[in-house]
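# Structural overview for review
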Amino acid sequence: MTIQDIQNEIIEEFSILGDDRESTIFYIMELGDKLPEMPEADKTDEHIIKGCQSKVWLTAFEKENKLHYLADSNTDITKGLISLLIRVLSGKTPQEIINAELNFIDKIGMGNIIGSQRSNGLAAMIKQMKLYAIAYQAKINA
């Protein structure tokens, strides 16, 4: 599936919830529960995303020219948010990640759901994921 296909799938899932803010937040938290376990050894200050209100750890590794992410957070809602980003971007090439336009965030009304502080944190998560992709792309081109 392409990044856009995955985003369309997420948009469709959230459209079922409609404008029910409480159900939407609960669904985001459920998504976080399904996030694969991140090894405790990776939960270091080096992997904390700066700019997030909550603690969010993110690492990336390359496998078969595709970038894969592992993440965790100390809050359920933030864990759900990073799980959405991982669903969209993990398993893609660095170039696909760098070029990705993440339109699902606006289309599902995420800004209205999570507020400005968490929106800033979400932007920081996206930035860090793209920075990992830039670093791996530079490594490939070296």
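Residue positions are given per chain, counted from 1 along the sequence in the order it is written. Only residues with pLDDT of at least 70 get local features here, since the model is predicted, and only at 80 or more are side-chain atom pairs given and counted; chain-wide, interface and lining totals rely on the full set of residues. Each side-chain value is derived from all of the structure's non-hydrogen atoms; neither hydrogens nor water enter the calculation.

## Quick look at the pattern of salt bridges
Where charged atoms of side chains with opposite charge meet at close range, the side chains can pair. A pairing counts as a salt bridge when a side-chain nitrogen of Lys or Arg comes within 4 Å of a carboxyl oxygen of Asp or Glu. Throughout the structure, instances matching the rule amount to five salt bridges. With a closest N to O distance of 2.5 Å, Asp72 and Lys43 form a salt bridge. Taken together, the positions of Asp72 in strand E2 (residues 66–73) and Lys43 in the loop between helix H2 (21–33) and strand E1 (56–63) put the pair 29 residues apart, joining distant regions of the chain. Residue Lys79 is joined to Asp72 by a salt bridge in which the shortest nitrogen-to-oxygen separation is 3.3 Å. As far as burial versus exposure is concerned, Lys79 and Asp72 are alike and both buried. If you follow the salt bridges from partner to partner, you end up with Glu40, Lys43, Asp72 and Lys79 in one network. For helices the rule is a DSSP run of H or I covering at least 4 residues; for strands it is a run of E covering at least 2, with both sets numbered from the N terminus onward. For the exposure calls, accessible area comes from a 1.4 Å probe over protein chains only, and a residue counts as buried if that area is under 20% of its type's maximum, exposed if over 50%, partly exposed in between.

## As for helix H3 (residues 76–89)
For an α-helix, 3.6 residues make a turn, and residues three or four places apart therefore share a direction. For a helix, the expected span equals 1.5 Å multiplied by the residue count minus one. Taking 1.5 Å per residue as the helical rise, H3 with its 14 residues ought to reach 20 Å, and the 20 Å between its terminal C-alpha atoms agrees with that figure. Most of H3 sits inside the fold, with 12 of its 14 residues counted as buried. Three or more residues of H3 are buried, namely Ile77, Thr78, Lys79, Gly80, Leu81, Ile82, Ser83, Leu84, Leu85, Ile86, Val88 and Leu89. Taken from the residues just after H3, Gly91 is the one with a positive phi, measuring 85°.

## Some details on the nonpolar core
To form a nonpolar core, buried Ala, Val, Leu, Ile, Met, Phe, Trp, Tyr and Cys residues must be joined to one another through side-chain atoms within 4.5 Å. Ranked by size, the top nonpolar core spans 42 residues in total, and within it Tyr69, Leu85, Leu102, Phe104 and Met110 carry the most contacts. Those elements giving two or more residues to this core turn out to be helix H1 (3–17), H2, E1, E2, H3, helix H5 (104–107) and helix H6 (110–141). Among the elements that take part in this core, H6 stands out by supplying 11 residues, more than any other. By definition in these notes, contact holds between two residues if any of their heavy atoms fall within 4.5 Å. Residues contacting Leu102, with those up to four places away along its chain left out, are Ile3, Gln7, Leu85, Val88, Leu89 and Ile126.

## Looking at the packing of H1 against H2
As a packed pair, H1 and H2 sit with axes 9 Å apart at the nearest point and diverge in direction by 140°. Classified by the interaxial angle, the pair formed by H1 and H2 is oblique. Every pair of crossing elements has a handedness; the one defined by H1 and H2 is right-handed. Residues Glu13, Phe14 and Leu17 of H1 touch H2, and the partners they reach there are Ser23, Thr24, Tyr27, Ile28 and Leu31. Among the residues making up the contact of H1 with H2, the classes are represented as five nonpolar, two polar and one charged. With axes taken as lines fitted to C-alpha atoms, and helix axes fitted only over the stretch in contact, angles between N-to-C directions fall between 0 and 180 degrees. Geometric relationships in this document are graded by angle, where less than 35 degrees denotes roughly parallel, more than 145 denotes roughly antiparallel, 65 to 115 denotes roughly perpendicular, and other angles denote oblique. By definition, turning the near helix anticlockwise from the far helix through less than a right angle yields a left-handed crossing, and turning it clockwise yields a right-handed one. Throughout, the ten residues Ala, Val, Leu, Ile, Met, Phe, Trp, Tyr, Cys and Pro are labelled nonpolar, Asp, Glu, Lys and Arg are labelled charged, and all others, Gly among them, are labelled polar.

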